[in-house]
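# Chain and residue survey
Each chain is listed here by its residues.
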Amino acid sequence: MGVNVPALRSHNAALVLDLLRTAGEAGISRLELAERTGLTPQAVSKITARLRDEGLAAEAGHRASTGGKPRTVLRLVPTAAYAVAVHLDRDELTTLLTDLAGTAVSLRRRPLDLGAGAGPVLDAVTEEVRALLAAVPPGGTVLGAGVAMPGPLDHRAGVPGRVTGFPEWEGRPVRDELTRRLGLPVVLDKDTNAAALGLALRPAAPGSFAYVHLGTGLGAGLVLGGVPLRGDRTGAGELGHQTVQLDGPPCACGGRGCLEVLCLAAVARGELAEAARVLGAGAANLVRLLDIDEVLLGGRVVLAAPEVFAAGVREVLAGLGLTAPVTVVTEADTGGADAGTAAGGAGAGTAAGGAGAGTAAVAVSHAGAVAVSHAGAVAEGAVWLTLGPIFGQ
């Protein structure tokens, strides 16, 4: 079902499309497009005509001008194409279908054992994605699938490295195997990188931040100057395996005293305040090293006690004289798809709507929190592994 949409080949078209995306339903005029892209009005007219011919843009009404006839306003057509996101966690599989604007259309979730082996796990992914694609309207275009999983991995080659606790995944050509199975272009990246990408594209996102994820493992997605930092070997953000206690308890990575093993051990003991303090030490190191604007916290462990973790990390940063704000990425119903429980592939939750165009169902919630739909920050971000390049991101 994947296609190469001709109008998406141009870099200038991507610039225009991204402005249509961020304008949402209100739309944007050709004159504004020219002013904001630096393109000539003639070039914008040619690009928008091509986008309309391809069904990617449409008129959204007219807007009064300072002189002459009212300006025609254009908007993105979200139903022009769809994309799939896959979040492979250590114990759960989440699959998400969104439209071209990143708004959730359908969501599926089922238990999964990443240690069951690549074959059975990829079988489950194939089954879930095929079931998910049933929500695509007849004749609908699916652009591809973004797959996010624990690292380390090589995002350019699409191959996992020695995933902590699951060495059997090392060297498995996950991207190529799923491309063959699904008949779709596939992009593979680390779970934290995917989440950071999605959060970077939300309205008013800080220019530089760290998304610190504490769930079945611990890692960070880094965004510097608005651009995700992966590193040449996709090794950036391996926060969980930063040594914070020499000769500390052994970690499955082969090291000792890693942030992840200390933090998860405190969680297992029910000492959440201590876990937050340990997490704060890691966050402080990121702030000092990279001079980031904000620390975002997420993952199921954080979401089980968001106030405890936010307060604990803030306390550590404040004690060191670091002023970077700490924000929790919460799962809240923003009108997107509700989670469906799929046991053995049966059952799924489907809903239309979602956050405004271009927000990947991410919206600013109450003070000190960012809300994402029930798919979670990783799945929400994974869809932008496919959609991002279309919009020049």
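In case you missed it, the structure is sitting above this.
Residues numbered from 1 in each chain as written. Predicted model: local features only at pLDDT ≥ 70, side-chain atom pairs only at ≥ 80, totals over all residues. Heavy atoms only, no water.

### Thoughts on the sheet that holds strand E1 (residues 28-29)
Threshold: Two strands qualify as a pair provided DSSP detects at least 2 bridges between them. The helix count covers DSSP runs of H or I at least four residues long, the strand count covers runs of E at least two residues long, and both are numbered beginning at the N terminus.
Across the sheet, 3 strands lie side by side as E1-E3-E2; this open sheet has antiparallel pairing. Here the strands that pair on one side only, and so sit at the sheet edges, are E1 and strand E2 (57-63). In this structure, E1 lies alongside strand E3 (residues 71-76), joined through 2 bridges in antiparallel fashion. Along E3, the bridge assignment pairs Ile 28 with Leu 74.

### Observations concerning empty space enclosed by the protein
Here is the rule we go by: Detection works on a 1 Å grid of protein atoms alone, calling trapped sets that fit a 1.4 Å probe cavities and calling open sets with protein on both sides within 12 Å along at least five of seven lines pockets, with lining residues defined by an atom within 4 Å of a point. Grid points are joined across faces, edges and corners, and a volume is the space filled by probe spheres set on the points. Charged means Asp, Glu, Lys or Arg here, nonpolar means Ala, Val, Leu, Ile, Met, Phe, Trp, Tyr, Cys or Pro, and polar covers whatever is left, Gly included.
Enumeration over the complete set of coordinates arrives at 1 cavity of 30 Å³ or more. The space that makes up the largest cavity amounts to roughly 200 Å³. Taken together, 19 residues make up the lining of the largest cavity; nearest its centre are Arg 90, Gly 151, Asp 191, Leu 218 and Gly 219. When residues of the lining of the largest cavity are traced back to their parent elements, those giving at least two are helix H6 (191-200) and strand E12 (218-224). A total of 3 residues in the lining of the largest cavity trace back to one element, the largest contributor, which is E12. By residue class, the composition of the lining of the largest cavity is 3 nonpolar, 10 polar and 6 charged.

### As for the packing of aromatic side chains
This is how the line gets drawn: Paired rings are identified among Phe, Tyr and Trp, the last through its six-membered ring, by centres lying within 6.5 Å, and are further divided according to the angle between planes into stacked (under 30 degrees), edge-to-face (over 60) and tilted (the rest). Throughout, exposure labels follow a simple rule: accessible area from a 1.4 Å probe, protein chains only, divided by the maximum for the residue type, with under 20% read as buried, over 50% as exposed, and the rest as partly exposed. Both a distance and an angle decide whether a charge sits over a ring: NZ of Lys or CZ of Arg must be within 6 Å of the ring centre and within 35 degrees of the ring normal.
One pass over the full model with this rule turns up 1 aromatic pair. Ring geometry for Trp 384 versus Phe 391: centroids 6.0 Å apart, planes at 50 degrees, classification tilted. The exposure classification of Trp 384 matches that of Phe 391, with both residues buried. The cationic tip of Arg 21 hangs over the ring face of Phe 391; the distance from NZ or CZ to the ring centre is 5.6 Å.

### A look at helix H11 (residues 377-390)
Helical periodicity: at 3.6 residues per turn, an α-helix aligns residues three or four positions apart in one direction. Which entries qualify depends on this criterion: Working rule for helices: expected span equals 1.5 Å times residues minus one. To get the bend at a residue, fit one axis to the 7 residues ending there and another to the 7 starting there, then take the angle between the axes.
Over its 14 residues, H11 extends 20 Å from the first C-alpha to the last, a length consistent with the 20 Å expected when each residue adds 1.5 Å. For H11, the principal kink sits at Trp 384 and spans about 40 degrees. The buried fraction of H11 amounts to 13 of the 14 residues, a majority that puts the element mostly inside the structure. Two residues or fewer after H11 comes Gly 392, characterised by a positive phi angle close to 75 degrees.

### What about unusual backbone geometry?
Here the amide bond leading from Gly 151 into Pro 152 is cis, since omega sits at 0 degrees, within 30 degrees of zero. You can see Pro 152 is positioned in the loop between strand E7 (142-149) and strand E8 (153-154). Residues other than glycine seldom take positive phi values, yet Thr 234 does so here, at roughly 55 degrees. Residue position: Thr 234 is located in the loop between strand E13 (227-229) and helix H7 (259-268). Positive phi, close to 60 degrees, is recorded for Asp 247, a residue that is not glycine. Judged by its relative accessible area of 71%, Asp 247 is exposed.

### Structural notes on the nonpolar core
Generally speaking, nonpolar side chains in soluble globular proteins are found buried as a group. Our working definition: Among buried residues, the Ala, Val, Leu, Ile, Met, Phe, Trp, Tyr and Cys ones that are joined through side-chain atoms within 4.5 Å form a nonpolar core.
Grouped together as the largest cluster of nonpolar side chains are 49 residues, with contacts concentrated most on Leu 20, Tyr 211 and Leu 387. Among the nonpolar cores identified, the runner-up in size contains 38 residues, and Leu 239, Phe 309, Val 326 and Val 328 belong to it.

### Section: the pairing of strand E4 (residues 82-88)
A large share of E4 lies buried, amounting to 7 of its 7 residues. Residues of E4 alternate between two faces, with Tyr 82, Val 84, Val 86 and Leu 88 on one and Ala 83, Ala 85 and His 87 on the opposite face, all of them buried. Alignment of E4 against strand E5 (residues 92-99), held across 7 bridges, turns out to be antiparallel. Residue pairing for E5: Ala 85 is matched across the bridge by Leu 96. Direction of pairing for E4 relative to E7: parallel, over a ladder of 5 bridges. When the bridges of E7 are listed, Val 86 appears paired with Val 147.

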